[in-house]
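This is what each chain is made of:
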Amino acid sequence: MSHAVVIGAGIVGACTALELLKAGQRVTLLEPGPPGGEQAASYGNGCWLSPMSVIPPSMPGLWKKVPGFLADPLGPLAIRWSYFPRVLPWLVRYLASGWTEARVLKTAQALRAMLVGAPALHAALAEEAGVGHLIERRGLMYIYPSRAEFEAEAMAWRIRRQVGVQWLELSADELRQREPELDRRYGFAALVEEGGHCRDPGAYVAALVQLAEAQGARRVTARATGFRIEAGRLRAVLTDQGEVAADKAVIAAGAHSRVLAAAAGDTVPLETERGYHAMIEAPEAGPRTPLMPSDGKMSVTMTDRGLRCAGQVEIAGLAAAPDWRRAEILRDHLLRSFPGLPRDLPASRVKLWMGHRPSMPDGLPCLGPARATGDIIHAFGHGHVGLVSAPRSARLVTQLLLGQPTELDAGPYDPRRFGYFLLALSRSRCHAFRQRFGTPLGRWSLDTD
Ligand SMILES: Cc1cc2nc3c(=O)[nH]c(=O)nc-3n(C[C@H](O)[C@H](O)[C@H](O)COP(=O)(O)OP(=O)(O)OC[C@H]3O[C@@H](n4cnc5c(N)ncnc54)[C@H](O)[C@@H]3O)c2cc1C
């Protein structure tokens, strides 16, 4: 039985550990924080299990808005000036990936393959972990002031239809009947019945990790820093607590995966799209079905911990301090959307959070073998859809790692899809690193990014 080390216990690592166990592997989960804890994007996301989230963030014409992204630090998508030079190559790829409708459709097809049926997969996993109540399947709703705003997003809805998404269109009256506490300014909705949500993503991840441990996985509280690779085979994962001997490894460290990918021979254009949530404890009002208001660009979901609104994209890197004004924008929009919520909400009832979406420029995850050795698989870059896509992604990663036929075409998620330029750059950077620090070939470690 070979020994697989899964690096990172967010939703992607947790699901991958369970798949590997099912495939008969001995599994160790490496995670420096509490599984499902606040350090992970998997803790604070919007809770949506949305098989229709197939539209990548970059769409045709987005380039015209870049000056606005730089000028308005509090807009729904903002780029910090100080980070702009660093993020420029990623941004160019990001804009290019959504340059034409045909490109967006191609991405949507690849995402749909990963997402379709996901709420049922999550329901089964949660049931097995003894937390079946955390997954609800009552649909997801996009709400608009009127049909005109819905029609203004015609391209996105056209592409959704082309990849098989169906929805019900609700009039103002129908919306009111379904959502009596919602502000009257919303007069049109698109309800996607196949959608679901998780009532507490942090608790869900923690339960999945507990299930993995109950099935024999070992959990080690440590941070991976690199790999020991000899003659093209993985021998150990290096950590801040020493080596962990391993035959296989999965890099599932979310937005922190880039340095580990580099240690496995690949330069990948992974960025953090920082996002925020505001959560009102014991809310006086809220939605029955999770909502996405078109004028707020955020998800609004009733969770076990409170009424959560999540959204915003801030490009500022992993290290910059959170800008809590962004979470306050979300909170204020939520208050305007539900008149039953008190205007004078005490700060103690509102919890703010910031996390890192691990994002590739084309909106597709990076799933596939590392350049240095096929014993290491990349499993990161799930961007805006990591929660919903984790079960299928985990299955694909397991099949790739074990050399089995894959049930999905792995091509669209290939870590090398970004071309030879980056690979060449990667090789020269690794070479330069080795020359400078004299690290023996096949063994180099990095502390943190
Ligand atoms: C505001 C917001 C809203 C979102 N809404 C949704 C949504 O509604 N639906 C959806 O599907 N997705 C959503 N997402 C995206 C989703 O949350 C992420 O794509 C997903 O959680 C990524 O999971 P992950 O396991 O790859 O990374 P993470 O959850 O970040 O987990 C990575 C783990 O790796 C650990 N780690 C880091 N470095 C190391 C190391 N060197 N060694 C070992 N471990 C390490 C970290 O401690 C962490 O626990 C949202 C994200 C944000 C920020």
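Residues numbered from 1 in each chain as written. Predicted model: local features only at pLDDT ≥ 70, side-chain atom pairs only at ≥ 80, totals over all residues. Heavy atoms only, no water.

Asks: Hey, could you run me through the overall build of the protein in this one?
Replies: Helices and strands together make up the secondary structure of the protein, namely 14 helices and 22 strands. Computed over C-alpha atoms, the radius of gyration of the protein comes to 21 Å, within 12% of the 22 Å expected from 2.2 N^0.38 for 449 residues, which places it in the range of a compact globule. Here the C-alpha coordinates of the protein stretch approximately 65 × 50 × 45 Å along the principal axes. The buried share of the protein, taken over its 449 residues, is 58%. For the protein, restricting intrachain contacts to residue pairs at least 6 apart in sequence, the fraction spanning at least 24 positions comes to 75%. Of the roughly 18,100 Å² of accessible surface on the protein, 53% is carried by carbon and sulfur atoms. Looking at charge distribution, the protein has the averaged site of its 52 positive side-chain charges lying 5 Å from that of its 44 negative ones. (Helix = DSSP H or I, 4+ residues; strand = E, 2+ residues; numbered from the N terminus. Rg over C-alpha atoms; globule rule 2.2 N^0.38 Å. Buried < 20%, exposed > 50% of the residue type's maximum accessible area, 1.4 Å probe, protein only. Contact = heavy atoms within 4.5 Å. Areas by Shrake-Rupley, 256 points an atom, 1.4 Å probe, with all protein chains shown as cover. Lys, Arg positive; Asp, Glu negative; His and termini not counted. Charge placed at Lys NZ, Arg CZ, Asp CG, Glu CD.)

Asks: Could you clarify how one ought to interpret unusual backbone geometry in this entry?
Replies: Note on backbone geometry: most residues besides glycine have negative phi, and most peptide bonds are trans. The backbone phi angle of A231 is positive, close to 50°, even though this residue is not glycine. In this structure, A231 sits in the loop between β11 (224-230) and β12 (233-239). With a relative accessible area of 83%, A231 lands in the exposed category.

Asks: Explain helix α4 (residues 84-97) to me, please; I cannot follow it from the model alone.
Replies: Because each turn of an α-helix spans 3.6 residues, side chains separated by three or four positions in sequence point in the same direction. Across its 14 residues, α4 extends 19 Å between first and last C-alpha, which sits within 8% of the 20 Å expected from 1.5 Å per residue. Taking the largest bend as the criterion, α4 deviates by roughly 35°, centred on W90. When α4 is considered as a whole, its buried residues turn out to be F84, V87, W90, L91, Y94, L95 and S97. Buried-residue contacts for α4 involve α3 (66-71), β4 (77-79), α5 (101-115), β15 (271-280), β18 (306-315) and β19 (350-359). (Expected span 1.5 Å × (residues − 1). Bend = angle between axes of the 7 residues up to and from the residue.)

Asks: I would appreciate a short explanation of the sheet that holds strand β9 (residues 196-198) in the present structure.
Replies: Pairing between the strands of a sheet comes from backbone hydrogen bonds, and it takes one of two forms, parallel or antiparallel. Taken in spatial order, the 3 strands line up as β3-β9-β5 in an open sheet, and their pairing is antiparallel. Both outer strands of the open sheet, β3 (48-49) and β5 (135-136), are each paired with one neighbouring strand and no more. Pairing of β5 with β9, which is carried by 2 bridges, proceeds in the antiparallel orientation. Across the sheet, residue I135 finds its bridge partner in β9, namely C198. (Pairing = 2+ DSSP bridges.)

Asks: Help me out: how do you make sense of the site of the ligand in this one?
Replies: Among the 36 residues in the neighbourhood of the ligand, the closest are listed as E31, S42, G46, G383 and V388. Here V12 contributes a backbone N or O atom positioned 3.1 Å from an oxygen atom of the ligand. At 3.4 Å from an oxygen atom of the ligand is found a main-chain nitrogen or oxygen belonging to C47. Here the ligand has 1,000 Å² of accessible area as a free molecule, and 95% of this is covered by the chains. When contributions to the shell around the ligand are tallied by element, the ones reaching two or more residues are α1 (11-22), α2 (41-44), β15, β19 and α13 (386-401). (Near = heavy atom within 4 Å. Polar contact = N/O pair within 3.5 Å; in protein donor to acceptor, adjacent residues only side chain to side chain.)

Asks: Could you clarify how one ought to interpret the packing of α5 against α13 in this entry?
Replies: For the pair α5 and α13, interaxial distance at closest approach is 8 Å and the crossing angle is 85°. With respect to α13, the axis of α5 lies roughly perpendicular. From α5, A113, M114 and L115 reach across to α13, where they touch V388, S389, R392, S393 and L396. Taken together, the residues of the contact of α5 with α13 sort by class into 5 nonpolar, 2 polar and 1 charged. (Axes fitted to C-alpha atoms, helices over the stretch in contact; angles between N-to-C directions. Parallel < 35°, antiparallel > 145°, perpendicular 65-115°, else oblique. Nonpolar A, V, L, I, M, F, W, Y, C, P; charged D, E, K, R; others polar.)

Asks: I'm lost on the sheet that holds strand β1 (residues 3-7) in this one. Help?
Replies: As summarised here, the arrangement of the 6 strands in space is β10-β2-β1-β14-β21-β20, forming an open sheet in which the pairing is mixed. In the strand order of this sheet, the two ends are held by β10 (218-220) and β20 (366-369), each with one partner. For this sheet, the mean inter-axis angle between neighbouring strands, taken without regard to orientation, is 15°. The pairing of β1 with strand β14 (residues 248-251) spans 4 bridges and is parallel. Opposite V5, over in β14, you have A249 as the bridge partner. Against the sheet, α1 engages β1, β2 (26-30), β14 and β21 (376-380), with an angle of about 170° to β2.

Asks: Explanation requested: the packing of aromatic side chains in the structure shown.
Replies: Describing an aromatic ring pair means giving the distance of the ring centres and the angle of the ring planes. Taken as a whole, this structure holds 12 aromatic pairs when the rule is applied. Residues Y144 and F150 carry aromatic rings whose centres are separated by 5.5 Å and whose planes lie at 75° to one another, so their mutual orientation is edge-to-face. Per residue, the accessibility class of Y144 equals that of F150, and both read buried. Ring geometry for F150 against W157: centres 5.3 Å apart, planes inclined by 45°, an arrangement best described as tilted. F150 sits in the buried class, given a relative accessible area of 7%. Against the face of W157 rests R160, its NZ or CZ located 4.3 Å from the ring centre. One residue, R308, lies across the ring of Y43, its end atom 6.0 Å from the ring centre. (Phe/Tyr/Trp six-rings, centres within 6.5 Å; stacked < 30°, edge-to-face > 60°. Lys NZ or Arg CZ within 6 Å of the ring centre and 35° of its normal.)

Asks: Looking at this model, I keep getting lost on the environment of M155. Mind explaining?
Replies: Considering the arrangement of structural elements, one finds M155 in helix α8 (residues 154-162). Aside from chain neighbours lying at most four places away, what touches M155 is M59, P60 and E101.

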